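Residue-level listing of the chains:
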Amino acid sequence: MIEPCNNYQGGARGSGDIAVVYAGDYVNKLSGERIERECRNKLDAGCRTLIINFKGTELVNSIGVSILLGVIDAAEETGAHIVFAEVNRHTIKLFDLLGLTRHVALADNEDAVNKMLAEFAVPPANQGH
Amino acid sequence: MPTEKPNDRARGKRILGRIAPADFVGRSAALRRITSLAPHGAEQGGMLVLAAPSAGTSELLRQAYDQLFQQRGGSSPIYFALSRNDQTVIGAARRFLHTFLLQLIAHRRGDTMLFDATPTLHELNELVAPSDYEWVERLVQAYERGREGGDERALVRLCLSAPQQAAARGAHSLVMLDDVHLAEHLKGETNLGAEIARASTNAEVPFVLAGLRRRLLDVMNESEERVPFDGLATLHLEDLTNDDARLLVERLARTLRVPLSDETRDLAVQQFAGNPFCLTALVQAAQASGASLQSFRDCQQLYVDELMGGRINRRFNALLEEISPPVATRRSLIRVLHESAGNIGGKSPVEAWRRRLNLEGAELERIMRGLHVYELASFNSTYVEIGTGLVWREYLAANYRLQVSAEPRALVVADTLVATLKRAPQTMARHYRREAALKLNELLARFDFQRVPASLLHYDRFRRMYKGVSGEEVAAGLDAETDLVRLPQIVHAASGASFHPPLLLVTDEERCVVAHGFDATPYTDANAVVWVAAEVESKMEVGRALTEVWCERLTQLAHACGFSRARLWLVSPEGFSADASELLNEREAFGSSRQQLELLTTRIRPEERADTASAALDEFEMVIPMGGDTELIAAHTVEQIARRLEFQPDAINQIKTALVEACINASEHSLSPDRKIYQRFRVESDKLVVTVSSRGVALTPPASQNNEISNGNDTNGSTKGRRGWGLKLIRTLMDEVEFERVDDGTRLRMTKYLRK
């Protein structure tokens, strides 16, 4: 599932380049590739912040993790931020174990997401005119 | 079907049986297996009964007959035994046909009086029920025509097809053929053994084919056409266990009103090694002579009488006469047998036998085979090994003196009696020692790659850590130990004396064990290992000198047998002194005390037996197809099981993730032919053991999987480069992980300990 840019339900402010991708209940090869495809599409469309929401995600397997690492690489190449939102405690431990948490920002809930988006937001004046 | 009520004899307990059912002990399970074949329509293809000599097979079949006869209404039991009185194949086949019809009619009429008469085939035809008349008459007529026709094989096949023909007309039977191995002695152009095999496997009637275990299959396989025995169940009939043999003697003595003491009962059981024929002969002899069995002297006097002139003597005489009919050759045979028995291990070269018996080729081989079949000796192309039975050896010794040395009979009887009386306490002591032995072979057989605390195999370490410590503390200490020894998987364990007979001079047979196995899978030369273990008797810690002697003995054994990798293990009740332990360590040998052995025994789980009730209670099994996210089903299942054990939520998630990874691993790497993943969840008090296995190519875990997880630092941009974390992840999430190659695939065993 993907939310369109500028439509983050948490109410992100001032940025027209945010996309939210929902991970689903099980991140494996199939769902991982779906997430990857949607994320790459959004990055290609100019998204500057990708929020992958793990609300309701029960399990992530190692193939899913490897695909998420690919997404992180892709985002880093375009200079986009990645936020993993609403990740449960066990999955955080798993990501930690596999080194993902060093490359992404983690947000527990909507407030935390909004706060991060505020931090990521770049003033229009500094956007390269 | 019969309408008459069974007569008095049938209502009684014995028809063919020679002893009362209540006195028939130790064979309940065997009896059940045989009688369960009787119900018509039961899904079975008959049974082979492979029996030790004089283990009571005939009585077992006769008891089965009586039981089935008295049940009435079902399939008719048929019992037929080939006999040494049968001369020809045709004669035996005709006797079978006659017996079959007689017993079938008797059962269907419920009339056991028929057994006392000797009706001809034609007379039998007059006795059949109207519903059976037509097919019986046709069968008898066909037999008469066949007899005149002169085609032996056709006539034999006709006789043996009687059960099938009867069944086709609704007269079902269970046919029990006894002493089938005797078929080879019959004269004729037709091989009766092969014909019996053919008839039993072709018919829809269940057959029970019984005979001596060293000959039965050979006799039935001597045919041009290959007979498939696959559908036949197999029943191995051995001598009685100690408990059953004791019960047999007690029951018989009570029935025959022979006074018996516990001590003589046990002596008889040990002396005859639970052989029902000998035990019965002894008690019957006591009854016949009005003697009691209340002292060793009573017992041994009767025993010597039996050995020198009673049933036991006649049995061995008859066997030797059958094996070697000419008196002169038989005398030479007794001499060679007795003298060979005196060699270490009772072994002597075949060549020596050839020269001593002055026999060549076929005749020598015939005698050897006879001895082999009756288990009086075993032979291969090089050596003859005399049977170790005590009674057989004592019979040989006495007959050697009588027949070869021509000593006076009174002297031989007196000497034998004195010798057996002197031997009696030793026989019992031997029994007690055997009972008290640590049963190393059973323990070794259960090793199965399990890991145990190293202190259990190093006495010095154990002494240092646990001497004087309470049992609970020892258990806790062992639980906490991190230095573990992975035991081998033992595939064959046998007495050291079987490999190296001189050991019998210094220890009891069961106190030294040679166990062949593998340290790990795959089964390769590099992984092959032989454990040579021995119990060292001592009331205190064994010192360096004795330890060295034993290490040398076991090393010599390993050397003599050509074991390239041998691991020595000495066990002593009280352990080993400090310098002895030092020696063991120098030699990289293990040393354990009885206490360590007991702890080891409790920590090694018994052989997994899926059919035990306890296994059913704490073990769950599941098979899932590969693919389609079925690993989630497995994860949810293990979650439920882990919750029952009250694992913490974090641990449950770790187990789930590990299981998912294991399933993915199985799916991705196995090239599985059945595309299935087999899972077993074993719940123990403090842990959950999850085993995931799959058939197919057994891949060694990739080298990369043995490294640490890369922590996402692999930035080559390719997800492929980041794959292969499964096993590493599992190792991180679970407490113990073992990856094994098995016969046809791989098995991953993962253990998670409960930490509340």
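The structure this text deals with has already been given above.
Residues numbered from 1 in each chain as written. Chains lettered and ligands numbered in written order. Predicted model: local features only at pLDDT ≥ 70, side-chain atom pairs only at ≥ 80, totals over all residues.

1. Thoughts on the overall build of chain B
Put simply, the test is: Comment: elements are numbered from the N terminus, with helices defined as DSSP H or I runs of at least four residues and strands as E runs of at least two. Working definition of burial: number of other C-beta atoms within 10 Å of the residue's own, with buried at 20 or more, exposed at 12 or fewer, and partly exposed in between, all C-beta atoms being placed from the backbone. Residues are treated as contacting if the C-beta atoms built from their backbones sit within 7 Å of each other.
Of regular secondary structure, chain B possesses 31 helices and 20 strands. The buried share among the 756 residues of chain B stands at 40%. Taking the intrachain contacts of chain B between residues at least 6 apart in sequence as the baseline, contacts between residues at least 24 apart amount to 71%.

2. A look at the overall build of chain A
In terms of regular secondary structure, chain A is built from four helices and seven strands. Starting at the N terminus, the α and β elements of chain A follow one another as β-β-β-α-β-β-α-β-α-β-α. Burial analysis of chain A (129 residues in total) assigns 47% to the buried set. Of the contacts made within chain A by residues no fewer than 6 positions apart, 73% connect residues no fewer than 24 positions apart.

3. So, helix H27 (residues 594–603) of chain B
All names here are of chain B. Stated precisely, the cut-off is as follows: Working definition: the arc comes from the directions between the helix axis and the C-beta atoms, pointing outward to the latter.
All of the buried residues in H27 are Gln 596, Leu 597, Leu 599 and Leu 600. The buried side chains of H27 occupy one side of the element, clustering within an arc of 165° when seen end-on. Contacts from the buried residues of H27 go to strand S9 (451–453), helix H22 (459–466), helix H23 (471–480), strand S14 (566–572) and strand S15 (590–593).

4. Details of the pairing of S14(B)
All names here are of chain B. Where we set the bar: The criterion for strand pairing is that DSSP finds at least two bridges linking the strands in question. Seen with its strands pointing away from the viewer, a crossover is right-handed when the path leading from the first strand over the helix to the second is clockwise.
Counting buried positions along S14 gives six out of seven residues, so the element sits mostly inside the fold. Bridge count for strand S13 (residues 528–535) against S14 is six bridges, and the pairing is parallel. Among the inter-strand pairings, Ala 533 is bridged to a residue of S14, identified as Trp 569. In this sheet, S15 lies alongside S14 in parallel orientation, the contact comprising four bridges. By the bridge assignment, Leu 570 is partnered in S15 with Gly 591. Regarding the hand of the β-α-β motif, the stretch spanning S14, helix H26 (residues 578–586) and S15 is right-handed.

5. Thoughts on the environment of Leu237(B)
Residue and element names in this part refer to chain B. Structurally, Leu 237 can be placed in strand S5 (residues 233–237). Judged by the 16 C-beta atoms lying within 10 Å of it, Leu 237 is partly exposed. It is 8.7 Å that separates the C-alpha atoms of Leu 237 and Arg 213, two residues lying 24 residues apart in sequence. What Leu 237 contacts, discounting residues up to four positions off in sequence, is Ala 30, Val 49, Ala 51, Ala 52, Ala 55, Thr 57 and Leu 60.

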